[in-house]
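Report on the structure
Here are the chains, one letter per residue:
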Amino acid sequence: METDSKGNKSSPVEQKRDSTQDEDSDLDEGSSEEQETAEVPKLEDLDVNKCTEPQKLFNIANELLHTEEAYVKRLHLLDQVFCTKLSEAGVPAEVITGIFSNISSIYCFHGQFLLPELQKRITQEWNATPRLGDILQKLAPFLKMYGEYVKNFDRAMDMVNTWMQRSSPFKDVVQNVQKQDVCGNLTLQHHMLEPVQRIPRYELLLKDYLKKLPEESPDRKDAEKSLELISTAANHSNAAIRKMEKMHKLLEVYERLGGEEDIVNPANELIKEGHIQKLSAKNGTAQDRYLYLFNSMVLYCVPKLRLIGQKFSVREKMDIAGLQVQEIVKQNVTHTFSITGKKRSLELQARTEEEKREWIQVIQATIEKHKQNSETFRAFNSSFSQEDEHLPDSSIVSTSSVESMPGADGISGSGGLHPKKSSSKTKRDKEKQACKSCNESFNSITKRRHHCKQCGAVICAKCSEFKPLADNSRHNRVCKDCFLLSSAVPCNTGAESMGEQKKKTAVEKPNFLAAENSLFSSRLLFLDKGKTWCKMCVTIPKTEPLVLYLHGGSQDGQAPRAIPLPGYAVSLPSSGEKFEVKHVFKLCQSQQTIYFSAEDEEQQAKWMEILTKAAKGETEDLAEEIGHL
């Protein structure tokens, strides 16, 4: 027994628990998972330094199990509590989907598939089968689910903030749930961050597991493959976390400025901030000031007198475009430099020579980067304008055709494109029109025009950041409405005029979707969100037997849609559901229902049997079943 500084005695068991948590824990301080697992005792009560390698491996496996149990509770809170109560309160289904994305699929996979496998392996089979890699490798097909969730995360945060401000029922539901003990005094946004953080934690645990795994272990190959796949997904999650942290920083600055400047924008990036002295032009006295340097502007601020918390008032806003920074030499004054904008020049003094050089270097680097980005944008815009000039008249989608497209109900057609009459007339019209999504007027400098590549609507750059297709080219720009529809592959609307554009942007069918690489594949009619039935190629690949892919063929410009199947219920339509086509069956999960129509009863029965097994995670039975078909 050892005695601490207060005279209290601690046992070797307590010492071991502390050191084990330090060595093996992948949880950050203050995380909600740590709150859940803090009360769970470790199964090994030996000093970690005296643990054998098998015992260390078991400690990691045990921690994975406990954190997975806590994670599933958080997913249950998001899917079964927040989603359900918001739906009951009458919040539109598209809003709930926009906020929570595919959280139902993630919850079903972890709650019904991964967690039971971990529980069985670690609590019942570990002595005979001490391995994790084979189980975690089963996670690989479902990393696509996290990709969809992570990509939607920024938009989801914006929607939560918007609806909290504009909808009292939404705000009441969220606040009432947040008051419950199950929330642990944490906000909805905090819990929504859990799936983004989870894959990086798998990565940390796997790295620790591999460090302690013997080279000759039969689990090494599976564990290394799992780490490779999970690390790729973790990079995307980490990028989303960094973006979230950047937005939090912008919010902090926004609050410190008293809401004077609208800086909370994904395009804004805070480069540097700090106290500075401003030299008076009249008498040369130094005055306390504060600078915020962003990627597009400098905010020159004056401190406000407050008893609690530092606040600032913006005295001058200087655009990076056209800004100049240079060192100046003044008699009897050291560490000085100036920044000169289009309207004003400021003489500033840093506290040290090093601080002065740092300010000059970072401002100059920001100016240079802004110039490069502007030149790239001008080149792109010139190319884009030339392409527009050469488009045939028939490729311009009229307002009426936009309104008639699926998902365009209730959308104003003011942003629709109209047939060209002359080049000069078109250019004048461009300057007059406003963005279809945000209704802000276009101009030739800060609010340029773009076209949605699916419906043809005129939108601004901010409203055309969505790129649902596989490649990352400018041909992918679509408006928010088409982006929401892109989760389901839409049918051909008959717009033959867009044929040439589609040929340019067509996505080739991946090799793993080819017939020879598929467990099962056929043509089915597909209906999603109550729109038109479309004929799709539906495939279950050999490499991903628990994922269903929908794709429209080589001429379809859409990337294949992936549907992870575990957790879905497969059934026939209810008696109240009437369709104009025959042999219909459906996939249901939480708020989502997807309908298919087979060619005949035999094909319908085959697909329902295969999908039912895949939904239960029965991969071996699935392959055997398909082999008999």
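See the structure above.
If you're wondering where the values come from, they're calculated on a predicted model, not measured in any experiment.

In terms of regular secondary structure, the protein is built from 18 helices and 18 strands. For the protein, the proportion of contacts with a sequence separation of at least 24, taken over those separated by at least 6, is 57%. Carbon and sulfur atoms make up 48% of the accessible area of the protein, which totals about 32,500 Å².

The next subject is the sheet that holds strand E4 (residues 286-294). The antiparallel open sheet is built from 7 strands, whose spatial order is E6-E5-E4-E3-E9-E8-E7. Unpaired on one side and paired on the other, strand E6 (312-319) and strand E7 (324-327) mark the two borders of the sheet. In this sheet, neighbouring strand axes are inclined to one another by 35° on average, regardless of whether the strands run parallel or antiparallel. Sheet analysis places E4 next to strand E5 (residues 297-303), joined by 4 bridges and oriented antiparallel. Residue leucine 291 lies in a different strand from E5, and its bridge partner there is tyrosine 300.

Phe100, Met192, Leu548 and Phe596 are the most contacted members of the largest nonpolar core, which has 91 residues in total. With residues near it in sequence (within four places) discarded, leucine 548 still touches Val538, Thr539, Ile540, Arg561, Ala562, Ile563, Leu565, Leu587, Phe596, Trp607 and Leu611.

A few words on the pattern of salt bridges. Across all of its chains, the model carries 22 salt bridges by this definition. As a salt-bridge pair, arginine 198 and glutamate 68 come within 3.0 Å of each other at their nearest N and O atoms. With arginine 198 in helix H10 (residues 194-212) and glutamate 68 in helix H3 (residues 53-88), this residue pair connects regions lying 130 residues apart in the sequence. The residues arginine 198 and glutamate 68 share a single accessibility class, namely buried. Taking the shortest distance from any N to any O, the salt bridge between arginine 131 and aspartate 219 comes out at 3.2 Å. Residue arginine 131 is located in the loop between helix H5 (103-125) and helix H6 (133-137), and its partner aspartate 219 is located in the loop between H10 and helix H11 (220-256); the two are separated by 88 residues in the primary sequence.

Below, the discussion takes up the environment of glutamate 148. The topology assignment puts glutamate 148 in helix H7 (residues 143-166). On the basis of relative accessible area, glutamate 148 is assigned to the partly exposed category, the value being 38%. For glutamate 148, the residues in contact, after removing those within four places along its chain, are Ser101 and Asn102.

Cut-offs and rules
Residues numbered from 1 in each chain as written. Predicted model: local features only at pLDDT ≥ 70, side-chain atom pairs only at ≥ 80, totals over all residues. Heavy atoms only, no water. Helix = DSSP H or I, 4+ residues; strand = E, 2+ residues; numbered from the N terminus. Contact = heavy atoms within 4.5 Å. Areas by Shrake-Rupley, 256 points an atom, 1.4 Å probe, with all protein chains shown as cover. Pairing = 2+ DSSP bridges. Axes fitted to C-alpha atoms, helices over the stretch in contact; angles between N-to-C directions. Core = buried A, V, L, I, M, F, W, Y, C linked by side-chain atoms within 4.5 Å. Buried < 20%, exposed > 50% of the residue type's maximum accessible area, 1.4 Å probe, protein only. Salt bridge = Lys/Arg side-chain N within 4 Å of Asp/Glu carboxyl O.

Purely geometric stuff here, so don't read any function into it on its own.
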